[in-house]
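# Coordinate analysis (summary)
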Amino acid sequence: MISKLDLTDIQGNLIRAYGRASFQYARYVFFRVDGARGAEAREFIKAITKYITTSVTWGMGTDEVEKPLATTNIAFTYDGLEALGLPRASLFGFPPEFAMGMKNRKDILGDDGPSAPERWDKVWQGDPVHIFISINGQSRDALEQRYAEIMRCVADSQDAVCIVAGHRGDDNDSLDYQDASVIFENGKACSKEHFGYTDAIGDPVFEGMPDAEARKDGRGKQVANGWEVLAAGEFILGHLDEAREYPAAPEPFLLSRNGSFMVYRKLHQNVGAFNKYLEQEGATYPGGKDMLAAKFVGRWRDNGAPLVDAPDHAAKQVWDAKYAAAATDEAKDRMLSNFTFDDDQDGGKCPFSAHLRRVNPRASLQTESGAFDTPGALANRRRVLRRGLPYGTVEHPHSDSGEHGIIIMMVSASISRQFEFVQQQWINYGNDFRVGNDKDIILGNHGSRHPSKAVIQVAAASDSAPYFLRNIPRFVETRGGDYFFMPSMTALRLIALGLIDPT
Ligand code: HEM
């Protein structure tokens, strides 16, 4: 498959969500470089470069490679790039939020109370981590084998590069790495997360992605008469973005081109609090518990049916029958992803505080016709690619004890314009949706200062009253993370050779 992008130069996790490509197991490992031994640490980078997975299409055709059993990808914090000897002139070209790191952005991100950095896993408590390596395996064996190969390179570095331990496990252990995997229901892998929702459906589709044209409806950008693919520069540096500009990036061009930024966040899920609140409110909500759960996210939990297309129980039955009868996987996928909020401007179907409306409002924020060239203009520059997998198991669904949640990695060309904006303005604040300071129901940092509320709207013409959710508990807590730069293969080789020259 010919792509306008150089897929051999772009790391594989940028183009693909591995979990959906049958890589069910993941291990996330963090390292620190001995500051005085940058040259030896660069030898380590050189040694592991051969393991890094690119975006080249898997298959047996021309320009394709055989699908591997395990994938490996790498990224660096600002401090990591400094420790590896990047020249100052290049370092100064990186955006300030990346240089500051996630901990120092806690006020913008709403990481307060139980999400405050003092409560994060130990791995984030000391000096910043430098290097992030992620491994995905089609089997546990494949993952372990790749991990052993990487650890041999670590051993060869003779402490120039060391693992940073301190990931919290169920018994509050200080684990060497963070494991994650898809959830298994009755022994079968599924795409559920710990609150029981079907996940990993929506993901932006941009220029140069293999199959972009076929997958753009519902995942690209909403335009006057349908959908178009997003500009590659929204996600990959060195390419034109939605403003037809090159995203801000450090010099030289070869350092930034085909790279991107990645936000790693470990998000704990209070499954007990979620189930209790859903039971309690579901008992009084006129549509009942299952429909209320759908209102929290914008999709029904069992199969991901979008609320705008299946707004009540009767419509859901019709949707389910059509879904079951859909002839192909592609037809099923279209039913899940291809929808808009055009016929739901009052939030009567999908509430304004439902998670997926908050994180991707599509064209629904444009209220004056003709105000913008494209109806989705206000959302197109706020999109993020989602990567990662759930971690931990839920032993007691009615208790908040135990460690389980999602390792989420948001990839975008600008951390501040894309991820941070969504987190600050749309998840933890509701003014763009004209709902004051109501937060995203499942993700908001509820209860930080005032008890949180949210409104489940009804259609403007309806006789029924809206439903008020009050005293919403905090369902999701941040356990740590940081901001990373994912270099291209070219940049990785230049970093390894100490050849970055910004002049
Ligand atoms: C524990 C934390 C989280 C849970 C349980 C969760 C759950 C979900 C679920 C169930 C969906 C619907 C399935 C789908 O459309 O793929 C979804 C969609 C989505 N989520 Fe989250 N999510 C979490 C954190 C986040 C964060 C931190 C962000 C980014 C700031 C985010 C961004 C998105 C996006 C962009 C979509 C797709 C929306 C679309 O294009 O329609 N999520 N999430």
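Residues numbered from 1 in each chain as written. Predicted model: local features only at pLDDT ≥ 70, side-chain atom pairs only at ≥ 80, totals over all residues.

### Focus on the overall build of the protein chain
For the protein chain, the count of helices and strands is 17 helices and 17 strands. Radius of gyration (C-alpha) of the protein chain: 22 Å, near the 23 Å computed for a compact globule of 503 residues. Projected onto its principal axes, the C-alpha positions of the protein chain cover 70 × 50 × 40 Å. Looking at the 503 residues of the protein chain, the share that counts as buried comes to 49%. Residue pairs at least 24 apart in sequence account for 70% of intrachain contacts in the protein chain once pairs closer than 6 positions are excluded. (Helix = DSSP H or I, 4+ residues; strand = E, 2+ residues; numbered from the N terminus. Rg over C-alpha atoms; globule rule 2.2 N^0.38 Å. Buried ≥ 20, exposed ≤ 12 C-beta atoms within 10 Å, placed from the backbone. Contact = placed C-beta atoms within 7 Å.)

### A closer look at the site of the ligand
The environment of the ligand is made up of 27 residues, and the closest members are Tyr197, Ile201, Gly202, Val359 and Asn360. Going through the elements one at a time, β12 (260-269), α14 (355-359), β14 (405-412) and α16 (415-427) are the ones with two or more residues in the shell around the ligand. Looking at the shell around the ligand element by element, the count peaks at four residues for β14. (Near = placed C-beta within 6 Å.)

### Points about the nonpolar core
Core analysis: the largest hydrophobic core is formed by 111 residues, its most contacted members being Ile131, Phe132, Met262, Val263 and Phe484. Here this core gets seven residues from one element, more than from any other, and that element is strand β1 (residues 25-33). Apart from residues lying up to four places away in sequence, isoleucine 131 is in contact with Phe30, Phe31, Val33, Ile74, Phe76, Gly80 and Val161. (Core = buried A, V, L, I, M, F, W, Y, C linked by C-beta atoms within 7 Å.)

### Observations regarding the pairing of strand β2 (residues 70-76)
Buried residues dominate β2, accounting for seven of its seven residues. Burial along β2 is two-sided: Ala70, Thr72, Ile74 and Phe76 and Thr71, Asn73 and Ala75, pointing in opposite directions, are all buried. Where β2 and strand β3 (residues 131-137) come together, seven bridges link them in antiparallel fashion. Within β3, the position partnered with phenylalanine 76 by the bridge is isoleucine 131. (Pairing = 2+ DSSP bridges.)

### What to know about unusual backbone geometry
Residue proline 252 is bonded to the preceding glutamate 251 through a cis peptide linkage, with omega at -5 degrees. Phi at serine 22 is positive, roughly 70 degrees, even though this residue is not glycine. Along the chain, the position of serine 22 falls in the loop between α1 (12-15) and β1. Residue classification places serine 22 among the exposed residues on the basis of 12 C-beta atoms within 10 Å. In this model, arginine 362 sits at a positive phi of 55 degrees, which is unusual for a non-glycine residue. Positionally, arginine 362 belongs in the loop between α14 and α15 (377-380).

### Observations regarding the pairing of β12
With ten of its ten residues buried, β12 lies for the most part within the structure. Side-chain alternation along β12 places Ser260, Met262, Tyr264, Lys266 and His268 on one buried face and Phe261, Val263, Arg265, Leu267 and Gln269 on a second face that is also buried. Relative to strand β17 (residues 476-486), β12 runs antiparallel, the two sharing ten bridges. Within β17, the residue paired with arginine 265 across the bridge is glycine 481.

### Structural notes on the packing of helix α10 (residues 271-282) against helix α11 (residues 288-297)
Helices that pack against each other are described as a pair by the angle of their axes relative to one another and the distance between those axes. In the contact formed by α10 and α11, the axes pass within 8 Å of each other and the chain directions differ by 120 degrees. When the axis of α10 is compared with that of α11, the two are oblique. Where α10 crosses over α11, the handedness of that crossing is right-handed. Only Gly288, Lys289, Leu292 and Ala293 of α11 make contact with α10, whose side of the interface consists of Leu278, Glu279, Glu281 and Gly282. Broken down by class, the residue content of the contact of α10 with α11 amounts to three nonpolar, two polar and three charged. (Axes fitted to C-alpha atoms, helices over the stretch in contact; angles between N-to-C directions. Parallel < 35°, antiparallel > 145°, perpendicular 65-115°, else oblique. Left-handed = near helix turned anticlockwise from the far one by under 90°. Nonpolar A, V, L, I, M, F, W, Y, C, P; charged D, E, K, R; others polar.)

### A few points about the packing of helix α2 (residues 38-49) against helix α17 (residues 489-497)
In contact at an axis separation of 7 Å, α2 and α17 are set at 145 degrees when each is read in the N-to-C sense. Handedness of the crossing formed by α2 with α17: left-handed. Contacts between α2 and α17 pair Arg42, Ile45, Lys46 and Thr49 from the former with Leu492, Arg493, Ile495 and Ala496 from the latter. Here the residues of the contact of α2 with α17 are counted per class, giving four nonpolar, one polar and three charged.

### Some points on the environment of histidine 194
Mapped onto the elements of the fold, histidine 194 is located in the loop between β9 (188-190) and α8 (212-215). A residue is classified by how many C-beta atoms lie within 10 Å of it, and histidine 194, with 21 of them, is buried. As for histidine 194 and tyrosine 391, which are separated by 197 residues in sequence, their C-alpha atoms are 9.0 Å apart. Non-local contacts of histidine 194, meaning those with residues more than four positions away in its chain, are made with Gln269, Val271, Pro390, Val394, His404 and Gly405.

### Quick notes on α16
Between its terminal C-alpha atoms α16 stretches only 15 Å, short of the 18 Å expected from 13 residues at 1.5 Å a residue. Its maximal kink placed at phenylalanine 421, α16 deviates by approximately 45 degrees. (Expected span 1.5 Å × (residues − 1). Bend = angle between axes of the 7 residues up to and from the residue.)

### Things to note about the environment of isoleucine 415
Its location among the elements puts isoleucine 415 in helix α16. If we ignore the near neighbours within four places in the chain, the residues touching isoleucine 415 are Pro95, Glu97, Phe98, Phe261, Val263, Glu420 and Tyr483.

Just distances and angles here, no functional claims.
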